[in-house]
Amino acid sequence: MPSSAESPRPHVPAEAVTAIAALAENAVAEHRTSGVTWAIIGGHAHDQAILAHGAAGHRELADGRPAPGSSPMDRATVSRIASMTKSFTAATILALRDEGRLSLDDPISAHVPEAEGAFELADDDREPTLRRLLTMDAGLITDNPWGDRQEAMTREGFAAVLRGGLGHVHRPGDGFEYSNTGYALLGRVIDEVTGSDYAAEIRRRFLDPLGLTATGWSSGEIDTGRLATGHRLADRTDATRFEAVPLDSPGVYGAMAGLFSSVDDVATWVRFLAAADAEGSASRGTGPLATASRREMQQLHRHQALAPLPAGQDGVSPGFDRVRGYGFGLVIEHFPDLGEVISHSGGYPGYGSFMVWHRDSGVGVVALANSKYAPATPLSMQALRILQREAPELLARRAPEAAPRTLEAARAALDWLRTDEDALADAWFADNMDLDVPRAERRRRLEKALAATGLDASALEALRVEDAQVLSRARMRWTVPARSGAGSAGSASGGGAAAGGAGAAGGATSAAGAATAPSALQVELLMDPRREGLVQSLDTIAR
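Rules behind the numbers
- Residues numbered from 1 in each chain as written.
- Predicted model: local features only at pLDDT ≥ 70, side-chain atom pairs only at ≥ 80, totals over all residues.
- Heavy atoms only, no water.
- Helix = DSSP H or I, 4+ residues; strand = E, 2+ residues; numbered from the N terminus.
- Buried < 20%, exposed > 50% of the residue type's maximum accessible area, 1.4 Å probe, protein only.
- Contact = heavy atoms within 4.5 Å.
- Areas by Shrake-Rupley, 256 points an atom, 1.4 Å probe, with all protein chains shown as cover.
- Lys, Arg positive; Asp, Glu negative; His and termini not counted.
- Charge placed at Lys NZ, Arg CZ, Asp CG, Glu CD.
- pLDDT = per-residue confidence, 0-100.
- Pairing = 2+ DSSP bridges.
- Axes fitted to C-alpha atoms, helices over the stretch in contact; angles between N-to-C directions.
- 1 Å grid on protein atoms, 1.4 Å probe; cavity = no way out; pocket = protein on both sides within 12 Å on 5 of 7 lines; lining within 4 Å.
- Points joined across faces, edges and corners; volume = space filled by probe spheres on them.

1. Quick notes on the overall build of the protein
Phase 1 of the analysis: Each helix and strand counted, the protein has 17 helices and 18 strands in total.
Phase 2 of the analysis: Based on the C-alpha atoms only, the size of the protein along its principal axes is roughly 80 × 55 × 55 Å.
Phase 3 of the analysis: The buried share among the 543 residues of the protein stands at 52%.
Phase 4 of the analysis: The contacts of the protein with a sequence gap of at least 6 include a subset with a gap of at least 24, amounting to 68%.
Phase 5 of the analysis: Accessible surface computed for the protein: about 23700 Å², of which carbon and sulfur atoms make up 50%.
Phase 6 of the analysis: Averaged over its 54 positive side-chain charges, the protein has a centre that lies 1 Å from the centre of its 70 negative ones.

See below:
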């Protein structure tokens, strides 16, 4: 197999760049945002952080026109990333955990004394932990409109809020509820544990080491000559709807949404996080946060219930369009078409943002816009799907690899199927195998499955370990097409039960309930859970 250095790097075709650019330009032309800058982020197979980029609109509008001195949005533009900040706060909490300075299962008041008694708890509830704040299941009330206006709150003001008590929508641990106040509390944990403040700690641990020079917390830390002005949406439909909004000052609530950044800096952050899932990640340098902790951030720790798809003509919903949940400062979703993606959006007075990447390939999209309710999220998700359509190799799913022990067992299992040698079974069958299905019966089931598919023993001779579909490190499957015209409803129903599992598999069943002739012989192997495992199931099935 060629090394990554020898393999061609998948690239973004011009057609995809043109289509994505059109999305951004249309969003501006239709007055859905005053401006947007976007980039395609290089994945695990790429050396470059940005594969393509573009922009549309202006950094500031006044009365529907570019303000005097305003520049068009471009790659260098700095914008507020709002709640994308939560991933930096979560990463800092994990870094402190890794250093033994806190536990994710500590109650909040163990680090923020003024939080004691702040939570509305039943007698049998426990105070929320840091983990519950990280995963948005502390039960606190969703507070986007209110929280967005609290950035400048001081520690003293926040302590007063806590003394007054926090409301709740469910008990701690009982469900997902997005909370900015929860991440403000995590910022206070960072303050107290480090004896500094969250902003300085995030800069010291991540912004400076990763070279995020365009990223900061206030006008004093960023190049204001590159700053995109934020705009609110007034009650008009043309370009005059965009009205400039003033910047707030950083305070306690900045831990949930206070950062400014550029597409280049966000791309660097995304690649740092995504690299935890890259091939060979264990042998790479960890950087400012351990690889295992970065992977931990990107796991679904709290499921977020979504509304089902509309019901069909039969009155029944076909299900859900995805599985969605929260990790640590990140959203994890599994789509039928894209596979698993990690993301976070940002919405703030005057700004909208989104970062997303495909777990298997690491390829991602970032969009930063300078108006409230800007369509950064749909633009980015549409961009991912354009990449999937125009360059599917960019978002290729990573195939699982069988463990060396599984490959060794697979060779022995195929040889046993071909030869029926007891020595092979004695060496490689786990102790449950003969108890579940005696060897003689296992052979009879194999013969019935072969007969049902019109095959004979020669079909087994052609099976090779390397031709198997790898389902996991411990599971493999071979599929052999049935011989044309093989089997019948009668012979199939009397034929191939699983050789090692329960139930008949002599043929498919139609909607009307009649058995149909099987289309293939399947051989499936599963190892037992020990490191030096043996075969715990070996099924031969006519399907």
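2. Notes on the confidence of the model for the protein
Phase 1 of the analysis: The predicted model of the protein averages 93 in pLDDT, with 93% of residues at 70 or higher.
Phase 2 of the analysis: Between residues 488-506, whose pLDDT stays under 50, and residues either more than four places distant or in other chains, the model counts 46 contacts.
Phase 3 of the analysis: Here residues 508-513 is a poorly scored stretch, pLDDT under 50, and it has six contacts once near neighbours within four places are set aside; other chains count.

3. Observations regarding the sheet that holds strand 16 (residues 475-481)
Phase 1 of the analysis: Spatial ordering of the open sheet is given by 15-16-17-18, a layout of four strands whose pairing is antiparallel. Each end of this open sheet is capped by a strand with a single partner; those strands are strand 15 (469-472) and strand 18 (535-542). On average, adjacent strands in this sheet sit at an angle of 15° to one another, irrespective of strand direction.
Phase 2 of the analysis: With seven bridges joining them, strand 17 (residues 520-527) and strand 18 adopt antiparallel strand pairing. Looking at the pairing, Leu 525 lines up with Leu 538 of strand 18.

4. A word on the layout of surface pockets
Where empty space is left becomes clear once a probe the size of a water molecule has been rolled over the atoms.
Phase 1 of the analysis: If you add up the space inside the second largest pocket, you get close to 680 Å³.
Phase 2 of the analysis: Along the wall of the second largest pocket there are 33 residues; nearest its centre are Asn 144, Ser 345, Gly 346, Gly 347 and Thr 377.
Phase 3 of the analysis: If you list the elements that add at least two residues to the lining of the second largest pocket, you get helix 4 (144-147), strand 10 (323-326), strand 11 (331-335), strand 12 (339-348), strand 13 (351-358) and helix 11 (376-390).
Phase 4 of the analysis: Counting residues per element, the lining of the second largest pocket draws most heavily on strand 12, which supplies six residues.

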